[in-house]
Amino acid sequence: MLTICIRRVAKYIFLFLAVIANSCSSGDVGHRVSTNKDEFSILFTGDVLLDRGVRTQIERNGIDHIFSAVKDSFLAADATVINLECPLTDVYTPVMKKYIFKADEKWAASLRKYGVTHAAMANNHTYDQGSTGLEHTVRALNDNGIVPMGFGYTDEERAKPVELEKNGIKVALFNSVSLRLENWIQTDGEPGICMAKGNELANHISAYRLKHPDTKIIAVVHWGIEFMPFPSNQQQMDAMLLASAGADVIVGHHPHIVQPVKKIQNCTVIYSLGNFVFDQKREDGNKAQMAKVTFGKKETRVNLYDIDIVKCRPEVSRK
């Protein structure tokens, strides 16, 4: 009983500090470019890995070099969401699985400096350093004013969307991973990520839509099959469920390569943006996209930007 109480107290202290961190500005943050006050723009990227071959490039050229070519694009949007494909922790507490990643906590400051405002946590590598690494990651993000998505201490918390608002335009960001995760079991009271399957996530979106009919909804999902150039049957079925539930846009990643963009009902489905900061050797793994979703008072625009990944560094394609 004492252990449970201590955990609960620690949980709420942690969440209180997270709120305080989010309300404060970090010391060296890039200035966002003034955008149309009647529009709300959010930029999305694919997988951001800061280990393995990327770590080598960071140690050689500095982490600033990795993001310098996309800084202007990041800061030109009202918010920038990356899929953080590794924990940020200075401890080594690995989960037993095939591929295990770990990045330095101090690099969170550079992510914020270059314009990252939100990090999707629901993927198959965030938990690589276990509960400790996951908690350290959230702390590092919050300390630098980056909002973690798809994270919580209960299934209810993990499934809650992150809500944003600008001049009356409201947006809710849901984040979930639908893949089967290696050697990861989470329970209430412990740090974890949203693992809602397609039908479960659709139920969450549908319930939210009923209560917030005027809020735009974006589902950020980690799904699909690696290196498959087209969406799997499961992705397509899930996309139909999410669109029917009320999602306005679906942004996907995990396949490591770009997949098609489709329209289902009134929902734009970006099946996979591919990688973003990554060390893939294959050619198609070094071609990616960024998606800029712009909500206006009357319309929604989705613009895609081709990305070339050169020595782990994303650059907007000039072709």
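To start, this report covers the structure provided alongside it. (Residues numbered from 1 in each chain as written. Predicted model: local features only at pLDDT ≥ 70, side-chain atom pairs only at ≥ 80, totals over all residues. Heavy atoms only, no water.)

Our next topic: the nonpolar core. With 48 residues, the main nonpolar core has Leu50, Phe67, Phe74, Leu88 and Ile193 as its most contacted residues. Broken down by element, the residue count for this core peaks at four residues, all from helix α6 (residues 130-143). Those residues in contact with Phe74 that sit more than four places away from it in its chain are Arg32, Leu43, Thr45, Phe67, Thr80, Ile82, Tyr114, Gly115, Val116, Phe276 and Met290. Formed by 23 residues, the second largest nonpolar core is a distinct cluster that contains Ala196, Ile205, Val221 and Ile250. (Core = buried A, V, L, I, M, F, W, Y, C linked by side-chain atoms within 4.5 Å. Buried < 20%, exposed > 50% of the residue type's maximum accessible area, 1.4 Å probe, protein only. Helix = DSSP H or I, 4+ residues; strand = E, 2+ residues; numbered from the N terminus. Contact = heavy atoms within 4.5 Å.)

Moving on: helix α9 (residues 233-245). For α9, with 13 residues, the first-to-last C-alpha span of 18 Å sits near the 18 Å given by 1.5 Å per residue. Within the span of α9, buried status applies to Gln235, Asp238, Ala239, Leu242, Ala243 and Ala245. Angularly, the buried residues of α9 cover 155° about the axis, an arc narrow enough to put them on a single face. Among the exposed residues of α9, those pointing more than 90 degrees away from its buried face are Asn233 and Ser244. (Expected span 1.5 Å × (residues − 1). Arc of directions from axis to C-beta.)

For the rest of this paragraph, the subject is the packing of aromatic side chains. Applying the stated rule across the entire model yields five aromatic pairs. An angle of 80° between the planes, with centres 5.6 Å apart, marks the rings of Phe151 and Tyr153 as edge-to-face. The burial state of Phe151 is the same as that of Tyr153; both residues are buried. The interplanar angle of 85° and the centroid separation of 5.7 Å between the aromatic rings of Phe174 and Tyr208 together place this pair among those described as edge-to-face. (Phe/Tyr/Trp six-rings, centres within 6.5 Å; stacked < 30°, edge-to-face > 60°.)

Okay, the sheet that holds strand β9 (residues 216-222) next. Read across the sheet, six strands follow the order β6-β7-β9-β10-β12-β11 without closing on themselves; strand pairing throughout is mixed. With one partner strand each, in any of the chains shown, β6 (162-166) and β11 (258-264) form the two edges of the open sheet. Direction aside, neighbouring strands of the sheet carry axes that sit 15° apart on average. Two strands pair when backbone bridges link them, and strand β10 (residues 249-253) and strand β12 (residues 267-273) are joined in this way by three bridges, in the parallel orientation. Pairing of Val249 across the sheet is with Thr268, part of β12. On the sheet, α9 packs against β9, β10, β11 and β12 and is oriented at approximately 145° with respect to β12. (Pairing = 2+ DSSP bridges. Axes fitted to C-alpha atoms, helices over the stretch in contact; angles between N-to-C directions.)

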